[in-house]
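Examining the three-dimensional arrangement
Take a look at the letters that make up each chain.
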Amino acid sequence: MLLNDLIGRKLSIMMSAVPSAIGYMLMGGAVDLWMLHLGCFLTGVAGGMTAASIPVYISEISHKKVRGALGSCPQITAVFGTLTLYVLGGCMLTLLHKLTLGVCGRVEEQQPLRLMGHSCVPSASPPCLPS
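Owing to the predicted nature of the structure, the values given are computational and were not obtained by experimental measurement. (Residues numbered from 1 in each chain as written. Predicted model: local features only at pLDDT ≥ 70, side-chain atom pairs only at ≥ 80, totals over all residues. Heavy atoms only, no water.)

Examining the overall build of the chain
Looking only at helices and strands, one finds six helices and zero strands in the chain. Moving toward the C terminus, one meets the helices and strands of the chain in the order α-α-α-α-α-α. Scored against the burial criterion, the 131 residues of the chain give a buried share of 18%. (Helix = DSSP H or I, 4+ residues; strand = E, 2+ residues; numbered from the N terminus. Buried < 20%, exposed > 50% of the residue type's maximum accessible area, 1.4 Å probe, protein only.)

And the structure:
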């Protein structure tokens, strides 16, 4: 990567925080669809910067005996982190449905609790955006 060669691996990893932070702020405060798209693009750029820089940086600072194992750790932890988030997201949503449905016995009594339970689960995007 060009940025790795120009400013070094460590600084390029640290600089990736800038587009990441701007992207997450854009997505968090999005009031229009273009803000979500730009935020996703910026966080993708930051992810690409770190994905290209971290394995090279780790291989440069580690000993020869552990270089291969340490070089694969960032990718493995990213994959397991994503898997964990998907599993926990599905379990939490299922648990929330069971809690809201299991508290009351009759269907007409379940509706307010079901709505309260669903309001605790964050939506995928702001409700004001068109789907």
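Topic: the confidence of the model for the chain
Across the chain, the average pLDDT comes to 76, with 69% of residues at or above 70. By mean pLDDT, helix α6 (residues 107–120) is the weakest element of the chain at 48, and helix α3 (residues 17–28) is the strongest at 92. Within the model, pLDDT remains below 50 along residues 103–116, and this stretch shows nine contacts once partners closer than five positions in the same chain are excluded. (pLDDT = per-residue confidence, 0-100. Contact = heavy atoms within 4.5 Å.)

Quick look at the side chain of threonine 43
For threonine 43, the position within the fold is in helix α4 (residues 33–61). Relative accessible area serves as the criterion here: at 17%, threonine 43 is assigned to the buried category.

A look at α4
With 29 residues, α4 should cover 42 Å at 1.5 Å per step; its first-to-last C-alpha distance of 42 Å lies within 8% of that length. All of the buried residues in α4 are Met35, Leu36, Gly39, Leu42, Thr43, Ala46, Met49, Ser53 and Ile58. (Expected span 1.5 Å × (residues − 1).)

Some remarks on α3
Look at α3: 16 Å from first C-alpha to last across 12 residues, which is about the 16 Å you get at 1.5 Å a residue. Burial in α3 covers these residues: Pro19, Ser20, Gly23 and Leu26. The buried side chains of α3 occupy one side of the element, clustering within an arc of 130 degrees when seen end-on. Every exposed residue of α3 that faces more than 90 degrees away from the buried side is listed here: Val18, Tyr24, Met25 and Gly28. Tucked inside the fold, the buried residues of α3 contact α2 (9–15) and α4. (Arc of directions from axis to C-beta.)

A short note on a nonpolar patch on the surface
Taken together, the side chains of Leu2, Leu6, Ile7, Leu11, Met14 and Met15 present a nonpolar region at the surface, about 600 Å² in accessible area. Mapping methionine 14 onto the fold places it in helix α2. (Patch = residues over 30% accessible without salt bridge, like charges linked within 9 Å, V, L, I, M, F, W, Y side chains within 5 Å. Areas by Shrake-Rupley, 256 points an atom, 1.4 Å probe, with all protein chains shown as cover. Salt bridge = Lys/Arg side-chain N within 4 Å of Asp/Glu carboxyl O.)

Looking at the pattern of salt bridges
Using the criterion set out here, one finds two salt bridges in the structure. Between arginine 9 and aspartate 5 there is a salt bridge, and its shortest N-O distance comes to 3.9 Å. Arginine 9 gets classed as partly exposed once you look at its relative accessible area, which sits at 22%. For glutamate 60, the salt bridge goes to arginine 9, with nearest N and O atoms at 3.0 Å. A residue pair is termed long-range when its members are at least 10 positions apart, and glutamate 60 in helix α4 and arginine 9 in helix α2 qualify at 51 residues.

Digging into the side chain of serine 12
One can find serine 12 in helix α2. Classification of serine 12 as buried rests on a relative accessible area of 0%. Side-chain polar atoms of serine 12 contact the side chain of serine 53, separated by 3.1 Å. Beyond its immediate stretch of four places on either side in the chain, serine 12 contacts Leu3, Asn4, Ile7, Met49 and Ser53. (Polar contact = N/O pair within 3.5 Å; in protein donor to acceptor, adjacent residues only side chain to side chain.)

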